[in-house]
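Single-letter residue listing:
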Amino acid sequence: MTRDTVHREFLERAKSQEALSDDQIWRRYQFRHLAAFVTIPALLLGTASIAAAYGSGLMSSDPVPVCQPVVALAPAFGSFKVTVMNASGQNGAGQVVGRDLSRRGFNVGDVTTAPRTLYVKAPARIYHGKNGLDQALLVAQTVDGAELENDGRAGTSVVFVIGGDFTKMLPAPPPKQPALSSFTVNVYNTTWRPGLAKTALAELASRGFTTGKQGNNPDGSFLPDDVAVVLHGPDADLAAGLVAREIKGSVLREVPRDNMTIDVLIGNKFESVTPRTELPRKQAVRKDPPHTVTRPCD
């Protein structure tokens, strides 16, 4: 099809639609042809330019960095102080939590009632400072749903506040046997036979126990039907078990005492400290895997 033929057909269609002169119709056709000739290449060139810019990274935005929590070795359980405050309204909850934390190896300091102005709904809230985040994370692993709050305190000490939703501590591995140097043993004689307390205390010292006082029973009681009675406070029950193992036939008795001092009361049926050859074999020290904490994203 020639250019003249296209021109004639275009003129005939245009005349049927509007009453324009031949010259006007032809000028309109030339304008549309020129606009298409300029616009289409410009669009193609612009698209290619944008694609090239994205490809070279000029127009791409930097990706938003995704924070990854950091897993780090936890501090030693006894390397920082934990203060326990009871804000739950449950009588005795502070002592329960404090004893549990102590059994896990934490260095528990004061156990007190929280001031009335301190309200915590969560099971627990652990207050810490900038340098005590890992310590707080470690303590928080003992209670499901524990919250953390940085109160700007100095050092690595933390405060464990028991909240209104507290029910119980999370299960813990069986506690390890306490070191013999972590408690003191006193031996008192309740019989009329002299020298029993001195001999027994010396034997316990030779076996590695930290020994204290010896002599006649201070309260003057007499134990006619016992080999020995081992008195201990709530926090020293594991230590008292180690002492009782050294005297076959002895019995344990818990008394109101908030220290790690153990009293052995020698009864009328006492003969001697159990020979070493008759003692049960000592358990191997359990080796736990290193504890870790997961630091949250900022």
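Residues numbered from 1 in each chain as written. Predicted model: local features only at pLDDT ≥ 70, side-chain atom pairs only at ≥ 80, totals over all residues. Heavy atoms only, no water.

1. What to know about the side chain of Asn186
The condition that has to hold: A run of H or I in DSSP becomes a helix once it reaches four residues, and a run of E becomes a strand once it reaches two; helices and strands are each numbered from the N terminus. Only protein chains enter the area calculation, which uses a 1.4 Å probe; residues under 20% of their type maximum are buried, those over 50% are exposed, and those in between are partly exposed. Working rule for contacts: check all heavy atoms of both residues, and any pair within 4.5 Å makes them a contact.
Examined against the element boundaries, Asn186 turns out to sit in strand 7 (residues 184-189). Assessed through its relative accessible area of 7%, Asn186 is described here as buried. Contact partners of Asn186, with chain neighbours within four places excluded, come to Gly212, Lys213, Thr261, Ile262, Asp263 and Val264.

2. Notes on the sheet that holds strand 3 (residues 107-113)
Inclusion rule: Two strands make a pair as long as DSSP finds a minimum of two bridges between them. Axis lines are fitted to C-alpha atoms, over the contacting stretch for helices. Their N-to-C directions set the angle, which ranges from 0 to 180 degrees.
With respect to topology, five strands assemble into an open sheet ordered 3-2-6-4-5, the strand pairing being mixed. Sheet topology places strand 3 and strand 5 (147-150) at the edges, where each strand pairs with a single neighbour. Going across the sheet, the axis of each strand differs from the next one's by a mean of 20 degrees, ignoring polarity. Taken together, the four bridges between strand 4 (residues 124-128) and strand 6 (residues 158-162) define a ladder with antiparallel strand orientation. The residue of strand 6 that forms the bridge with Arg125 is Val161. Strand contacts of helix 3 (residues 93-103): strand 2 (81-86), strand 3 and strand 6, with the helix running at about 160 degrees to strand 2, the strand carrying the most contacts. Relative to the sheet, helix 4 (residues 133-140) contacts strand 2, strand 4, strand 5 and strand 6, its axis offset from that of strand 4 by approximately 165 degrees.

3. Considerations on helix 5 (residues 196-206)
Residue pairs spaced three or four apart in an α-helix point in one direction, given the helix's 3.6 residues per turn. The line we're drawing: Note that the arc is defined by the directions from the helix axis to the C-beta atoms.
Along helix 5, the residues classified as buried are Leu196, Ala197, Ala200, Leu201 and Leu204. Looking straight down helix 5, one finds that the buried residues subtend no more than 120 degrees of arc, so they occupy a single side. The exposed set on the far side of helix 5, more than 90 degrees from its buried face, consists of Lys198 and Thr199. Among the structural elements, strand 7, strand 8 (211-216) and strand 11 (261-266) are those in contact with the buried residues of helix 5. Taken from the residues just after helix 5, Gly208 is the one with a positive phi, measuring 105 degrees.

4. With respect to the state of the cysteines
Inclusion rule: Disulfides are defined as cysteine sulfur pairs within 2.5 Å.
Applying the stated criterion to the full structure yields one disulfide. One disulfide bridge connects Cys67 with Cys297, the sulfur atoms lying 2.2 Å from each other. Since a negative S-S torsion denotes a left-handed disulfide, the Cys67-Cys297 link at about -105 degrees is left-handed. Of this pair, Cys67 sits in the loop between helix 2 (22-56) and strand 1 (70-73) while Cys297 sits in the segment after strand 12 (292-295), and the two are 230 residues apart along the sequence. Classification of Cys67 as partly exposed rests on a relative accessible area of 41%.

5. Regarding the sheet that holds strand 10 (residues 251-254)
Pairing between the strands of a sheet is mediated by backbone hydrogen bonds and can be parallel or antiparallel. In space, the five strands of this open sheet follow the order 8-7-11-9-10, with mixed pairing throughout. Both outer strands of the open sheet, strand 8 and strand 10, are each paired with one neighbouring strand and no more. On average, each strand axis in the sheet is inclined to that of its neighbour by 20 degrees, with strand direction left out of account. Here four bridges tie strand 7 to strand 8, and the two strands are oriented parallel to one another. Pairing of Asn189 across the sheet is with Asn216, part of strand 8. Sitting on the sheet, helix 6 (residues 237-245) is in contact with strand 7, strand 9 (228-232), strand 10 and strand 11, with an inclination near 160 degrees to strand 9.

6. So, helix 3
Along helix 3, the residues that are buried comprise Ala93, Gly94, Val97, Gly98 and Leu101. Taken down its axis, helix 3 places every buried residue within 125 degrees of arc, on the same side. The secondary structure elements touched by the buried residues of helix 3 are strand 2, strand 3 and strand 6. At the C-terminal side of helix 3, Gly105 shows a positive phi close to 105 degrees.

7. Focus on the packing of aromatic side chains
Filter applied, for reference: Here a Phe, Tyr or Trp ring, Trp counted by its six-membered ring, pairs with any other such ring whose centre lies within 6.5 Å, and the pair is stacked when the planes are under 30 degrees apart, edge-to-face when over 60, and tilted otherwise.
Within the structure shown, the criterion is met by three aromatic pairs. Arranged with centres 6.0 Å apart and planes meeting at 70 degrees, the rings of Phe80 and Phe106 form a pair that is edge-to-face. In this pair, Phe80 sits in the loop between strand 1 and strand 2 while Phe106 sits in the loop between helix 3 and strand 3, placing the two residues 26 residues apart along the sequence. Take Phe80 and Phe106: they sit in the same class, and that class is buried. When the ring of Phe183 is compared with that of Phe209, the centres are 6.2 Å apart and the planes differ by 65 degrees; the resulting orientation is edge-to-face. Here Phe183, found in the loop between strand 6 and strand 7, pairs with Phe209, found in the loop between helix 5 and strand 8; they are 26 residues apart in sequence, far enough to count as distant. Joined through ring pairs, the aromatic side chains of Phe77, Phe80 and Phe106 make up one cluster.

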